[in-house]
Amino acid sequence: MKPLVFVPGNTALETVQCILKGRGEKPASSAKACAPVNIALVKYWGKRDEALHLPVTDSLSVSLSGLDTETEIHAGEKPDRLELDGRAITPEAPALSRLSAFLDLFRLSPAMGFSVRSHNAVPTAAGFASSASGFAALVRALDSLFSWHLERRELSLLARLGSGSACRSMYDGFVEWRAGSREDGLDSYAIPLPEVWPDLRIGLWTVSAEEKPLSSREAMHRTTQTSPLYSAWPQTVAADLLSLREALRARDIERFGQVLEGNALAMHATMLAARPSIFYPTADSLQAQARVRSARAAGTGVWFTMDAGPNLKLFFLERERPSVEAQFTGLRVVPTGASVAEERRSAR
Ligand code: PMV
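The rules we used
Positions within a chain are numbered from 1, following the residues in the order the chain's sequence is written. A pLDDT threshold of at least 70 governs which residues receive local features in this predicted model, and a stricter bar of 80 or more applies before side-chain atom pairs are shown or counted, although totals over entire chains, interfaces and linings include all residues. To obtain the side-chain values, all non-hydrogen atoms of the structure were included, while hydrogens and water were left out. Nonpolar cores are built from buried Ala, Val, Leu, Ile, Met, Phe, Trp, Tyr and Cys residues. Side-chain atoms within 4.5 Å join them into one set. Partly exposed residues are those whose accessible area sits between 20% and 50% of the maximum for their type, while under 20% is buried and over 50% is exposed, using a 1.4 Å probe and protein chains only. These domain limits were set by an automatic method or by a database of domain assignments. Any two residues whose heavy atoms approach within 4.5 Å are treated as being in contact. For two strands to be treated as a pair, DSSP must find at least two bridges joining them. Helix numbering and strand numbering both begin at the N terminus, where a helix is a DSSP run of H or I of at least 4 residues and a strand a DSSP run of E of at least 2. Interaxial angle, 0 to 180 degrees, is taken between N-to-C directions of lines fitted to C-alpha atoms, where a helix line uses only the stretch in contact. Whenever a carboxyl oxygen of Asp or Glu lies within 4 Å of a side-chain nitrogen of Lys or Arg, that contact is scored as a salt bridge. In the analysis that follows, any N or O atom pair within 3.5 Å is treated as a polar contact, provided that within protein one partner can donate a hydrogen and the other can accept it, and provided that, for residues neighboring in sequence, both atoms belong to side chains. Working definition: roughly parallel below 35 degrees, roughly antiparallel above 145 degrees, roughly perpendicular at 65 to 115 degrees, and oblique for all remaining angles. Handedness of each helix crossing follows the sense of rotation of the near helix against the far helix: counterclockwise by less than a right angle gives left-handed, clockwise gives right-handed.

### Observations concerning the nonpolar core
Step number 1: If you look at the biggest cluster of nonpolar residues, it comprises 91 residues, and the most contacted ones within it are Ile 73, Leu 142, Leu 158 and Phe 256.
Step number 2: When residues are assigned to domains, this core turns out to be shared by domain 1 (12–192) and domain 2 (200–347), each giving three or more.
Step number 3: The residues touching Leu 158, leaving out its near neighbours within four places in the chain, are Val 16, Ile 19, Leu 20, Phe 102, Phe 106, Val 139, Trp 148 and Leu 150.
Step number 4: Core analysis: the second largest hydrophobic core is formed by 15 residues, Val 302, Phe 304, Met 306 and Leu 314 among them.

### With respect to the sheet that holds strand S13 (residues 332–335)
Step number 1: Taken in spatial order, the four strands of this open sheet run S11-S12-S10-S13, and their pairing is antiparallel. Each end of this open sheet is capped by a strand with a single partner; those strands are strand S11 (303–306) and S13. When strand polarity is set aside, the average angle formed by the axes of neighbouring strands in this sheet is 30 degrees.
Step number 2: On the sheet, helix H7 (residues 253–272) packs against strand S10 (200–205), S11 and strand S12 (312–317) and is oriented at approximately 30 degrees with respect to S11.
Step number 3: Most of the contacts of helix H8 (residues 283–297) go to S11, to which it runs at about 155 degrees, and overall it touches S10, S11 and S12.

### Regarding the pattern of salt bridges
Step number 1: This structure, assessed with the given rule, holds 16 salt bridges.
Step number 2: Across the salt bridge formed by Arg 153 and Glu 151, the nearest N and O atoms sit 3.7 Å from each other.
Step number 3: For Glu 246, the salt bridge goes to Arg 255, with nearest N and O atoms at 2.9 Å.
Step number 4: A residue is classified by how much of its surface remains accessible, and Arg 255, at 31% relative accessible area, is partly exposed.
Step number 5: Within this structure, Arg 201, Glu 318, Arg 321 and Glu 325 form a network of salt bridges that share partners.

### Some words on the side chain of Ser 61
Step number 1: Among the secondary structure elements, Ser 61 is positioned in strand S4 (residues 59–77).
Step number 2: Setting aside residues up to four positions removed in sequence, Ser 61 forms contacts with Asn 38, Ile 39, Ala 40, Leu 41, Arg 168, Gly 173, Phe 174 and Val 175.

### What to know about the side chain of Asp 80
Step number 1: Its location among the elements puts Asp 80 in the loop between S4 and strand S5 (81–84).
Step number 2: There is a polar contact of 2.7 Å between the side chain of Asp 80 and the side chain of Arg 107.
Step number 3: Those residues in contact with Asp 80 that lie beyond four places of it in its chain are Leu 96, Ser 100, Leu 103, Arg 107, Gly 113 and Phe 114.

### What about the packing of helix H6 (residues 233–250) against H7?
Step number 1: Put simply, H6 and H7 touch, their axes get as near as 9 Å, and they point 160 degrees apart. Looking at the two axes, H6 sits roughly antiparallel to H7. Between H6 and H7 lies a crossing of left-handed hand. Every residue of H7 that contacts H6 at Trp 233, Thr 236, Val 237, Asp 240, Ser 243, Leu 244, Glu 246, Ala 247 and Leu 248 is listed here: Arg 255, Phe 256, Val 259, Leu 260, Asn 263, Ala 266, Met 267 and Thr 270.

Quick look at the structure:
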């Protein structure tokens, strides 16, 4: 791998210029790409640099292969256009201004515009990590549009500039995002982990498919600035990462589940103590959490995590599936391990 060269100054544009130096002067007219949703097991919560989306801590996720965002991009004239899940997004909508701000990093002239059509396999902006797969798919589509032929690590760095957690959606399977320590963020990208877990299952439990009222960006900012509990977060993450890596290596579902559920609740606790307080779970989410706990008390090995939204993701092994499905009728179960093992083998 070639070394990345330090660029003085720390703006997103400088990161992009450093990575793209001299590449892609002539775009194709259109390109398509996809990227998987990823669910954090040890969460990213809080930035050391807000403009560059540099995290305070490392984080660890699993990608849901097969649950992708598919994105098609056309190069043309301004204004930018966005169609999301078949709906045209109005120019005033935050999703379009966020997209345009990101695309500003890649225009070859001020008049250049893009038309983006994106389809999410999960409800958009409802805490199912659609922005992560969305920005990862977009970066892959741009790579193909401009024929950059970037390495995966560089694509991960670029995706991070759109949405921090998007850097992890550049890979399938278990993935770690190393926070890095450089001011320019060139050492802050995702790396794939070698572990596979063929009989691990994830169930998506949709409490609400509505868009969340507060973006994770805003919530993260308020938490780091005002929550008296935030100072304990980095140590919590460091300890949880160690435990989770061990649990993963040993395929110890009990420990794995305890760490991922505890980490999610600790993240929500930091938010709860923010001022004003942030609380993503609804009454239905709390009821679902209680059902997971009673399922466990009755002997079913199932644990949950939650992100910046009201929905739950349940983790369990294939052998528990009948019992989990009986208690959560309509659960959307996604396999993660077996397909990943096959993909990794063919990529080697
Ligand atoms: O990348 P963002 O800004 O959408 O933040 C994601 C934050 C969480 O989903 C709550 C945690 C994570 O690590 O994905």
